[in-house]
Amino acid sequence: MENPAMTTRPFDARQTNITDLIQRLDGCATIVTGNRRLARALHQAFNQARSAEGHGAWPAPDILPWDAWLQQLWQEVVISSRIESAPGVLLTSHQEYFVWQEILAEQSGDVPLQATNETVARIMEAWQTLHAWCIPCREADFGHNADTRLFWQLASMFEAKCRKNSWLSVAVLPGILQKYVQIDSLSVPNELVLTGFDEWTPQQSSFLRAFEQTGCSLQWLQLSGQPDRIGKLACADGRDEIRQAARWIRQRLEENPAARIALVVPELAAQREMICQTLDEVLIPQALQPEHHDRVRSYNLSLGKPLDRYPPVSLALDVLGLSETVIELPHVSRVLRSSFIAGGDREMNARALLDARLRESGEWNLTLQKLLTNAARSGQPYSCPLLAECLSNLMKQVKVSLAPTSPGEWAQRFGQWLKAIGWPGERGLSSEEYQVIQAWQGVLREFSTLDWVIRSVSLTEALQQLRHMVAGTIFQPESAEAPVQVLGLFETSGLQFDYLWIMGLHDGVFPASSRPNPFLPLTLQREVDAPHSSARRELRVAAALLQRITTNATEVVISYPQRKGDEILDSSPLIDAFPALSEEMLAMGTQSAWRDSVYHSRQQEVLSEDVAPTFVGTGIPGGSKLFKLQAACPFRAFAELRLVARPLGRIQIGLNALVRGTLLHRVMEMVWAELDSLAALANLSPGELNALVAGKVNEAIYEIAPRYPHTFGERLQALESKRLHALVLAWLEMEKQRPPFRVSGREMETELELNGLRINLRIDRIDTLEEGGELLIDYKTGEVKASAWFGDRPDEPQLPLYSLAFTDDGLAGIAFARIRAGDIAFEGVASEEVSILGIKSFENLRHTREAASWDEVLAGWRQTIEQLVQDFMAGEARVSPKQYPQTCTYCELKPLCRIGESLEAVDDC
Ligand code: SF4
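Please read these numbers as outputs of a predicted model, since none were measured by experiment. (Residues numbered from 1 in each chain as written. Predicted model: local features only at pLDDT ≥ 70, side-chain atom pairs only at ≥ 80, totals over all residues. Heavy atoms only, no water.)

Trainee: Would you mind going over the overall build of the protein chain in detail, with residue names and values included?
Mentor: Helix and strand counts for the protein chain come out as 31 helices and 25 strands. Its C-alpha atoms give the protein chain principal-axis dimensions of roughly 110 × 65 × 55 Å. Looking at the protein chain as a whole, 49% of its 909 residues are labelled buried. Contacts in the protein chain between residues at least 24 apart in sequence constitute 75% of all its contacts with a sequence separation of at least 6. Here the protein chain displays about 43700 Å² of accessible surface, and carbon together with sulfur accounts for 51% of that area. Charged side chains of the protein chain number 88 positive and 115 negative; the gap between the two group centres comes to 3 Å. (Helix = DSSP H or I, 4+ residues; strand = E, 2+ residues; numbered from the N terminus. Buried < 20%, exposed > 50% of the residue type's maximum accessible area, 1.4 Å probe, protein only. Contact = heavy atoms within 4.5 Å. Areas by Shrake-Rupley, 256 points an atom, 1.4 Å probe, with all protein chains shown as cover. Lys, Arg positive; Asp, Glu negative; His and termini not counted. Charge placed at Lys NZ, Arg CZ, Asp CG, Glu CD.)

In structure tokens:
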């Protein structure tokens, strides 16, 4: 491998100010900055200075960030007529990524994609570090462990491939350009000013020295000032810290709208959403109103989001995913709810209903054809003819263009497929959406350039690469200049502000922990002092960074959270020396948050809105569900059963709990249809019982599997068969211990009339006991207790309800049959001792031992059930969960019942 000569001479930095830099531009210097933001700030300062001098037009100053400067020099090399032979093709980062990925796959066989993505990123980082820090390349040094040996092999393969194809990696670009400088083949400025850099890699030093040797005057200048005030502030937690910072910013802006303010956040990516939300709330509360969400912000975030997190792009990827053989329902669901395809607004309601219908199917996977068939079904509330037309167009296009081809050709096909479905929709785009779509087109163009490194890929591979590229593209829509800048810790280099708040400096993140690259020998990384190679380096870098940042403004506040979840945090030791500040000392505004202002300015009017119109029908779907819902929360029963306000079905991978429960019920029904009684069960040999259960399990699966063709495939069927077989056998072994009984009812349907309302019941099982009387059994696959049958608001009123169907003194007891792995048991209550483990006589059960007789227990249940049905019919619909918050945990009606707000109101009183 090539090993650039190591250069150690560091440049000496000199302090400067913005006026000096502008004057140097007047003298035709070239300024190279450490980051894009600083280049933009210098451009702006230069233009303001020119304008203030009364100029109407002026030549653009030569200010470039480092990477763009290297690219510009490279362009000069490529187009220069003085270069005789073509220097090769400089790979883009995406092309380089693909080459490394391909080499890694060749070397390590079938590596799972997720691991490959992460691994390739670390390998590319190692390659970059190797060159930037001029790490000596001796094979023996890389032989210590499997990772470094692998890297040596991969790097050798990468170099060979680049050589063969005349490709150049960006990592070697400074070394190549250096040679052109040395042979005088590049135009060199008289004065080169470097600003906004904290340190130089040996590769950069060597490259810049080549400029110096041609007579170019090289200056490393650091913009700096002196703060008038600096101190640290302890905040309760991260949220409190952001709120305090936002209030401080608002106060400073009110005092001086032209102030330049920065909020520096070390963990900006993780806290981005919370910061935006809080700054909106405190600085521009109007933006919280939907019609003003596009309002111009008074702050700018340096860090964008991955492009695939913007709705138009994530939808485009979902649409392209429809072309795959099997589509996952969450993707389809997003397509149906989006307005970024044709007819999205016009068919909004029907598409939402189609989404609900597909979710009810319980299938995680489906096909484009199935989606099309459902959308095209006419005369249904979920019919979506416009969508059907779009899907049909898409399907026609997909069918004729599925053969593997080049990325460039795939990019064209993808464009056509999106057009076929009417992406990006019919409504006008906002400025942000327009920019996002431009960025997407840019990624597609870049995707086409993979033609340089790949000849042909399948649809799946093309989509994987495209998704990877989109996810790796961090995008921030352009916005007007704003007085407040929100920056990462390393982005402040060279920038000057009036006010600066650095947050999150607790001992867990500052200084950062060392994070050496696993693919490079640790000793070599430490020898050259490579980034993140040691804790000592991290400490030194953090101290220097803090020292520099704190000279960037006249007022500097450094804050840290004292808690993160349950973890107690301390301030970073690097800020110990700063004086402590308090809220009062910072003179922060006293304005409360918008939400609190609205809430506290409310005028309350108490409405007796809890009684709904009386129910006038004679039947209601849902059977015993009515009683369970009414007991848990009257509003839930009203909303779900009378308003039909039900949550969308939950989508999950594999079989959902409902299907698995249905399978168990069906197997038990079929087994007892065959056996009929304990005697029949006891007569079977173990082998016969085994065969019987296996047969019934297979029969039940055979019956139910066709309903879930994409989910309940052979492998899952085999697993489910094994699970059910073991569970049912275990249950039957337990039943063998019971006194004789006969199964007189299985999944028995009956009807009960209460208060004029017809209730349909389906009783899992009825056993006729030898001692006389009948035992009602309810199969359960979850945690259940007999206590759930008692009280005014029973959690499980189903069996007490069924007991009402037995008016002729024949009811001997009720019982849950708990059938789940490791928990096989009856739990029940009976009129007398029945010798069944888990079923107690009412006199021995804690909840009923006070009752004078079994009839009194039955009468109690009757009273509870009748009261619940009376309440329901009378329109009793109070928002009154039986036990908050447990009762509400899995209820999705919260936006409708607004339980959160009502409890807050209660707390507030
Ligand atoms: S969230 Fe709670 S209070 Fe609201 S409807 Fe559901 S159970 Fe009732």
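Trainee: Could you give me a rundown of the pairing of strand β24 (residues 823-830), with the residues and numbers involved?
Mentor: Of all the eight residues making up β24, seven are buried; the element is thus mostly covered by neighbouring parts of the structure. Sheet topology note: the β24/strand β25 (residues 839-841) ladder contains three bridges and is parallel. Among the inter-strand pairings, V829 is bridged to a residue of β25, identified as K840. (Pairing = 2+ DSSP bridges.)

Trainee: I'd like to hear about the sheet that holds strand β23 (residues 811-820), residue by residue, with values.
Mentor: Here we have six strands laid out as an open sheet, ordered β20-β21-β22-β23-β24-β25, and mixed in their pairing. With one partner strand each, in any of the chains shown, β20 (741-754) and β25 form the two edges of the open sheet. Neighbour-to-neighbour, the strand axes of this sheet turn through a mean angle of 30°, independent of strand direction. Pairing geometry for β20 and strand β21 (residues 757-769), over twelve bridges, is antiparallel. Bridge pairing in β21 links G745 to I766. Taken strand by strand, helix α24 (residues 657-675) contacts β20, β21, β22 (774-780) and β23, and its axis lies near 125° from that of β20. Here helix α27 (residues 714-735) sits on the sheet in contact with β20, β21, β23 and β24, set at roughly 45° to β24. (Axes fitted to C-alpha atoms, helices over the stretch in contact; angles between N-to-C directions.)

Trainee: So what's going on with the environment of P311? Which residues, and what values?
Mentor: Topologically, P311 is positioned in helix α11 (residues 311-321). According to the relative accessible area criterion, P311 is partly exposed, its value standing at 46%.

Trainee: So what's going on with the side chain of K696? Residues and values would help.
Mentor: By secondary structure assignment, the location of K696 is in helix α26 (residues 686-704). Take K696: its relative accessible area is 12%, and that puts it in the buried class. There is a polar contact of 3.2 Å between the side chain of K696 and the side chain of E674. What K696 contacts, discounting residues up to four positions off in sequence, is V667, M670, V671 and E674. (Polar contact = N/O pair within 3.5 Å; in protein donor to acceptor, adjacent residues only side chain to side chain.)

Trainee: With reference to specific residues and values, describe the domain arrangement of the protein chain.
Mentor: In terms of domains, the protein chain is made up of domain 1 (4-85 + 176-223), domain 2 (92-168), domain 3 (229-304 + 479-511 + 552-594), domain 4 (306-475) and domain 5 (657-748 + 767-779 + 811-871). Inter-centroid distance (C-alpha atoms) of domain 1 to domain 3 is 32 Å. Between domain 1 and domain 3, the contact holds ten residues from the first and eleven residues from the second. Between domain 1 and domain 3 lies a buried interface of about 820 Å² when both sides are counted; carbon and sulfur atoms form 46% of it. The interface formed by domain 1 and domain 3 contains zero salt bridges. Here domain 1 and domain 3 share one residue pair in polar contact (both at pLDDT 80 or more) between them. (Domains from an automatic or database assignment. Buried area = accessible area lost by both parts, 1.4 Å probe. Salt bridge = Lys/Arg side-chain N within 4 Å of Asp/Glu carboxyl O.)

Trainee: Describe unusual backbone geometry, listing the residues and the values that go with them.
Mentor: Between W423 and P424 the backbone carries a cis peptide bond, its omega angle lying at 10°. Its place among the elements puts P424 in the loop between α16 (407-420) and α17 (431-448). The omega torsion of the bond from F510 to P511 falls at 5°, within 30 degrees of zero and hence cis. Topologically, P511 is positioned in the loop between β16 (499-502) and α19 (522-527).

Trainee: An account of the packing of α11 against α17 is requested, with residue identities and associated values reported.
Mentor: As a packed pair, α11 and α17 sit with axes 9 Å apart at the nearest point and diverge in direction by 45°. It follows that α11 is oblique to α17 by the angle criterion. From α11, P312, V313, A316, L317 and L320 reach across to α17, where they touch E433, V436, I437 and W440. Broken down by class, the residue content of the contact of α11 with α17 amounts to eight nonpolar, no polar and one charged. (Parallel < 35°, antiparallel > 145°, perpendicular 65-115°, else oblique. Nonpolar A, V, L, I, M, F, W, Y, C, P; charged D, E, K, R; others polar.)

Trainee: Summarise the packing of aromatic side chains; cite the residues concerned and give the values.
Mentor: Across all of its chains, the model carries 31 aromatic pairs by this definition. For the pair W100 and W127, a centre-to-centre distance of 5.5 Å together with 65° between the ring planes defines the contact as edge-to-face. Residue W100 is found in helix α4 (residues 93-108), and its partner W127 is found in helix α5 (residues 113-132); the two are separated by 27 residues along the sequence. In this pair, the class of W100 matches that of W127, namely buried. Residues W100 and F158 carry aromatic rings whose centres are separated by 4.1 Å and whose planes lie at 10° to one another, so their mutual orientation is stacked. In this pair, W100 is assigned in helix α4 and F158 in helix α6 (residues 146-165), connecting sequence segments 58 residues apart. Look at W100 and you get buried, because its relative accessible area is 2%. (Phe/Tyr/Trp six-rings, centres within 6.5 Å; stacked < 30°, edge-to-face > 60°.)

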